[in-house]
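Read off the chains here:
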Amino acid sequence: MNATPNTVTVIRKAKFAAAHFLRLPEISDEENFQRFGPSSNPLAHGHNYEIEVSVQGPVRPETGMVMNLKDLKVILNEEVVGPLDFKNLNLQVEYFQNRLTTLENISQLLWDRLHPRMAGLGLTLTGLKVLESDDLFVEYYGGTDQLP
Ligand code: NI
């Protein structure tokens, strides 16, 4: 990450709980099980997901902050993870009507919600981590065009 002078990255975490399953409609139950294991069960299973967002911007002299972290918490809870909380991602979230509910796809959905929201505040979302558990998570930085 290239930080310009007086630019700071703030990191905030948020949580949501959701159910999901991994299953392709065009292949058989057996093939789904071979590919996705027990996660292919269409009755679903749940995770307590955590996200970690990195927001970069200039430190505003009048506040000494990049942004009010309380405001960021409200945005995350109401607009980013809130719409997924206590949902079945496959059945209740339109984005996943034709996508697998993988961590990779979840990270892109959350990025697509948060990146423009931060840009509207003059800030840059520089990283997003989505954790399914302590030892399984993805990181997303907005696509290949932003890789070094
Ligand atoms: Ni799962």
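Residues numbered from 1 in each chain as written. Predicted model: local features only at pLDDT ≥ 70, side-chain atom pairs only at ≥ 80, totals over all residues. Heavy atoms only, no water.

Concerning unusual backbone geometry
Backbone phi values are negative for most residues with the exception of glycine, while trans is the configuration of most peptide bonds. Put simply, the rule reads: Secondary structure counts use DSSP, requiring at least four H or I residues in a row for a helix and at least two E residues in a row for a strand, with both numbered from the N terminus. Only protein chains enter the accessibility calculation, which uses a 1.4 Å probe; a residue whose area is less than 20% of its type maximum is buried, one above 50% is exposed, and one in between is partly exposed.
Phi at A44 takes a positive value of approximately 80°, unusual for a residue other than glycine. One can find A44 in the loop between α1 (29–36) and β2 (45–58). A residue is classified by how much of its surface remains accessible, and A44, at 22% relative accessible area, is partly exposed. The residue F86 is not glycine, and still its phi comes out positive at about 60°. In this fold, F86 is placed in the loop between α2 (69–80) and β3 (87–88). For F86, a relative accessible area of 70% translates into the label exposed.

Things to note about the packing of α2 against helix α4 (residues 103–119)
Stated formally: Axes, fitted as lines to C-alpha atoms, cover a helix only where it is in contact. Angles between the N-to-C directions of the axes lie from 0 to 180 degrees. Oblique is the label for every angle not falling under 35 degrees (roughly parallel), over 145 degrees (roughly antiparallel), or within 65 to 115 degrees (roughly perpendicular). Here a crossing is taken to be left-handed if its near helix is turned anticlockwise relative to the far helix by less than a right angle, and right-handed if that turn runs clockwise. By the convention used here, residues are in contact when the closest approach between their heavy atoms is within 4.5 Å. For this scheme, ten residues count as nonpolar: Ala, Val, Leu, Ile, Met, Phe, Trp, Tyr, Cys and Pro. Four count as charged, namely Asp, Glu, Lys and Arg, and the remainder, Gly too, count as polar.
Taken N-terminus to C-terminus, the directions of α2 and α4 make an angle of 140°; their axes are 11 Å apart at the nearest point. The angle between α2 and α4 falls in the class oblique. Crossing of α2 over α4 shows right-handed handedness. Of the residues in α4, those touching α2 at L72, I75, L76, E79 and V80 are L110, R113, L114, R117 and M118. Per-class residue counts for the contact of α2 with α4 are seven nonpolar, no polar and three charged.

Focus on the coordination of the nickel ion
Put simply, the rule is: Think of the donor list as every N, O and S atom within 2.8 Å of the metal, or within 3.2 Å for Na, K and Ca; water never makes the list, so a site can look incomplete.
The protein atoms that coordinate the nickel ion are H20 (NE2), H45 (NE2) and H47 (NE2), at distances spanning 2.0 to 2.1 Å. In primary sequence terms, the donor set of the nickel ion follows H-x24-H-x1-H. Taking the relative accessible area as the measure of exposure, H45 reaches 25% and is therefore partly exposed.

By themselves these figures say nothing about function.
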